[in-house]
Amino acid sequence: MAKIAISVKVNGVEHTAEVEPRLLLVHFIREALRLTGTHIGCDTSHCGACTVVLDGRAVKSCTVFAVQADGREILTVEGLEHEGKLHPLQEGFFQEHGLQCGYCTPGMLMTGFAFLNSNTAPTEDEIRHAISGNLCRCTGYVNIVKAYQYAAEKIREGGTQ
Amino acid sequence: MIPVQFDYAAPATLDEALSLLAEHKDDAKLLAGGHSLLPAMKLRLAMPQMLISLGRIKDLAYIREEDGQIRIGAMTTHHQLESSDRLREICPLLPETAGTIGDVQVRNLGTIGGSLAHADPAADWPAAIIALGAEIVAVGAGGKRIIKADDFFVDMLTTALDPGEILSEIRIPAPQGRTGQAYLKVPQPASGFAVVGVAVNLTLNGGGACESAGIAITGVASKAYRASAVEGAIAGNALDEQTITDAASHATDGIDANGDLYASEEYRRHLAQVYTRRAIETAAARVK
């Protein structure tokens, strides 16, 4: 079973590697790249803890093979902060107490990043719809929704994400 | 959960994919969005020795209008179908169905062609494409052939595709005249799959009576099916409450319904009737 050479841009940095075809993208990110901010939750594409942004869209990295990401661009939670400044979503989760245990948070942030890219003035309903693929077992979602609203407002005020 | 080892190829053309498929035969599996196949591989329910990704083939993801048909490339994602303004206008059943599948992340990768070829008995697309009277384009070594949606689903996880064929396109007759459509679904709360899903595509005549009806149901049996008895009971009739209720009572006529821990056979039959009634009412109320 031959290994496959892949080249993936992660958080702006080009990475090349030889991987087994069966290697999951989430394992590539966590183990090969040592970016452990992306969490593995259910490992069955339900919980959304492993969500990363692939070519601009939120995907569950436990249900993608690393080879499928060849030639593509990925953003993980480590790529959100910019020159020491938190992303408005990160700030929102901090200000609005959008987490308790924090396990779902990286996935919630990445889903939010892709979502707010296409909608900077979301209704509460749109936000709840957007996070329906991300499970949180602590907060009851109320503060996560507030965190998204906080970030949306910041982005609207500040121009870009 | 780690799949067994396999070899991987990502051909650049459909022809290359067909030759790989011919070479590896039953040892090969085609990978589209992967959102049915990867979970099955992780559980080792599927153990292909050769995985052929269609992800690098250009021009398999599109929504076009041609010869009175809506033509959808097999690799078009649920998200692309859900977010198409044009489809919302000319065939709203497609975006409505797409929006009920999985969640945001699943819809971003999962494809209509992958879902149809997988033929999960609780998938949403089969009901929609049967109700719309769609055709499936299958490409093989001998060229193209057209399979009617009604004949495409053979049994649970089994389609009319030959082992050497690739589903390349879905063709839907563009709805004409006074049409109303709806897809209504009871999602399984954990999986999101349809316990019951009912797709309705109605055309009314000038007098307001039902000229034609396409009604198909998923989730109930080992494959999605056309509810012919329901269609027959409303065709030619004015869609009043009594007619719709009577027609919907035939939703599972002649069907061997499934039962499981979440929904017994009896409950599924009941749901199918209630949701068929509601879906017809909804579609009728949407007629423009």
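Keep in mind that what you see is a predicted model, and the values were worked out from it rather than measured.

Draft legend 1. Seen up close, the overall build of chain A. From N to C terminus, chain A includes 5 helices and 5 strands. In sequence order, chain A lays out its α and β elements as β-β-α-β-β-β-α-α-α-α. Its C-alpha atoms give chain A a radius of gyration of 16 Å, near enough to 15 Å, the size a compact globule of 161 residues would have. Projecting the C-alpha coordinates of chain A onto the three principal axes gives extents of approximately 50 × 30 × 25 Å. A buried classification covers 52% of the 161 residues belonging to chain A. Long-range pairs, those at least 24 residues apart, make up 58% of the contacts in chain A with a sequence separation of at least 6.

Draft legend 2. Representation of the overall build of chain B in the model. The secondary structure content of chain B amounts to 12 helices and 14 strands. Against the compact-globule benchmark of 19 Å for 288 residues, chain B has a radius of gyration of 19 Å, which places it among compact chains. The principal-axis extents of the C-alpha atoms in chain B amount to approximately 60 × 45 × 35 Å. Expressed as a percentage of its 288 residues, the buried residues of chain B come to 54%. Across chain B, the fraction of contacts at a sequence separation of at least 24, relative to all contacts at a separation of at least 6, is 63%.

Draft legend 3. Seen up close, helix α1 (residues 25-32) of chain A. Residue and element names in this part refer to chain A. Those residues of α1 not exposed but buried are L25, V26, H27, F28 and I29. Along its buried surface, α1 packs onto β1 (4-10), β2 (13-19), β3 (51-54) and β5 (73-75). R34 occupies a position one or two residues after α1 and carries a positive phi of about 60°.

Draft legend 4. Just the interface of chain A and chain B, in detail. Each side of the interface is counted separately: chain A has 33 residues, and chain B has 31 residues. Carbon and sulfur atoms make up 57% of the area that chain A and chain B hide from each other, which totals about 2600 Å². The largest share of the area that chain A buries against chain B comes from M1, R22 and F65 of chain A, three residues that together contribute 25% of it. If you look at where chain A meets chain B, you find 3 salt bridges. Measuring nitrogen to oxygen at the nearest pair gives 2.5 Å for the salt bridge that ties D103 of chain B to K60 of chain A. Our count for the contact surface shared by chain A and chain B stands at 14 residue pairs in polar contact (both at pLDDT 80 or more). Where the side of chain A that touches chain B is concerned, the elements lending two or more residues are β3, β4 (57-60) and α4 (124-130) of chain A. Considering each element in turn, the side of chain A that touches chain B owes the most residues, 4 residues, to β4 of chain A. Per-class residue counts for the side of chain A that touches chain B are 13 nonpolar, 14 polar and 6 charged.

Draft legend 5. Quick look at the environment of E16 of chain B. Examined against the element boundaries, E16 of chain B turns out to sit in helix α1 (residues 14-24). On the basis of relative accessibility, which here comes to 40%, the residue E16 of chain B falls in the partly exposed class.

Draft legend 6. Examining the sheet that holds strand β4 (residues 63-66) of chain B more closely. Residues and elements named next belong to chain B. Judged by pairing direction, the sheet is antiparallel, and its 5 strands sit side by side in the order β4-β5-β10-β6-β7 without closing on themselves. The open sheet has two free edges, formed respectively by β4 and β7 (143-148), since each of these has just one partner strand. Between one strand and the next, the sheet's axes are offset by a mean angle of 25°, whatever the strand orientation. One ladder, built from 5 bridges, connects strand β5 (residues 69-73) with strand β10 (residues 166-173); its direction is antiparallel. Bridge assignment links G73 to a residue of β10, and that residue is E169. Its contacts with the sheet place α1 against β6 (135-140) and β10, and it is angled at close to 125° to β10.

Draft legend 7. Spatial organisation of the pairing of β2 of chain A. Residue and element names in this part refer to chain A. As defined by bridge partners, β1 adjoins β2 across 7 bridges and the pair is classed as antiparallel. Directly across from I4, in β2, lies its bridge partner V19. Hairpin connection of β1 to β2: 2 residues between the antiparallel strands, including N11 at a positive phi of 50°.

Draft legend 8. Inspection of the domain arrangement of chain A at higher detail. Residue and element names in this part refer to chain A. Here the domain parsing of chain A yields domain 1 (4-79) and domain 2 (88-156). A C-alpha centroid distance of 21 Å is found between domain 1 and domain 2. The partner domain 2 presents 13 residues to the 18 residues of domain 1 that form the contact. For the pair domain 1 and domain 2, the interface holds 0 salt bridges. Counting across the domain 1 and domain 2 interface gives 5 residue pairs in polar contact (both at pLDDT 80 or more). Here the side of domain 1 that touches domain 2 is composed, by residue class, of 8 nonpolar, 8 polar and 2 charged.

Draft legend 9. Spotlight on unusual backbone geometry. Residues and elements named next belong to chain A. With phi around 45°, E83 is a residue other than glycine that occupies positive phi space. Examined against the element boundaries, E83 turns out to sit in the loop between β5 and α2 (88-95). Not every positive phi belongs to a glycine, and Y141 is a case in point at roughly 75°. Relative to the helices and strands, Y141 is located in the loop between α4 and α5 (142-158). The class for Y141 is buried, based on a relative accessible area of 18%.

Draft legend 10. The packing of α2 of chain A against α5 of chain A, seen in detail. All names here are of chain A. Here α2 crosses α5 at 135°, and the two axes come no closer than 8 Å. Here α2 lies oblique to α5, going by the angle between them. Handedness of the crossing formed by α2 with α5: right-handed. Seen from α2, the contacting residues are P88, L89, E91, G92, F93 and Q95; seen from α5, they are I144, A147, Y148, Y150, A151, K154 and I155. When grouped by side-chain class, the residues that make up the contact of α2 with α5 number 9 nonpolar, 2 polar and 2 charged.

Rules used throughout
Residues numbered from 1 in each chain as written. Chains lettered and ligands numbered in written order. Predicted model: local features only at pLDDT ≥ 70, side-chain atom pairs only at ≥ 80, totals over all residues. Heavy atoms only, no water. Helix = DSSP H or I, 4+ residues; strand = E, 2+ residues; numbered from the N terminus. Rg over C-alpha atoms; globule rule 2.2 N^0.38 Å. Buried < 20%, exposed > 50% of the residue type's maximum accessible area, 1.4 Å probe, protein only. Contact = heavy atoms within 4.5 Å. Buried area = accessible area lost by both parts, 1.4 Å probe. Salt bridge = Lys/Arg side-chain N within 4 Å of Asp/Glu carboxyl O. Polar contact = N/O pair within 3.5 Å; in protein donor to acceptor, adjacent residues only side chain to side chain. Nonpolar A, V, L, I, M, F, W, Y, C, P; charged D, E, K, R; others polar. Pairing = 2+ DSSP bridges. Axes fitted to C-alpha atoms, helices over the stretch in contact; angles between N-to-C directions. Domains from an automatic or database assignment. Parallel < 35°, antiparallel > 145°, perpendicular 65-115°, else oblique. Left-handed = near helix turned anticlockwise from the far one by under 90°.

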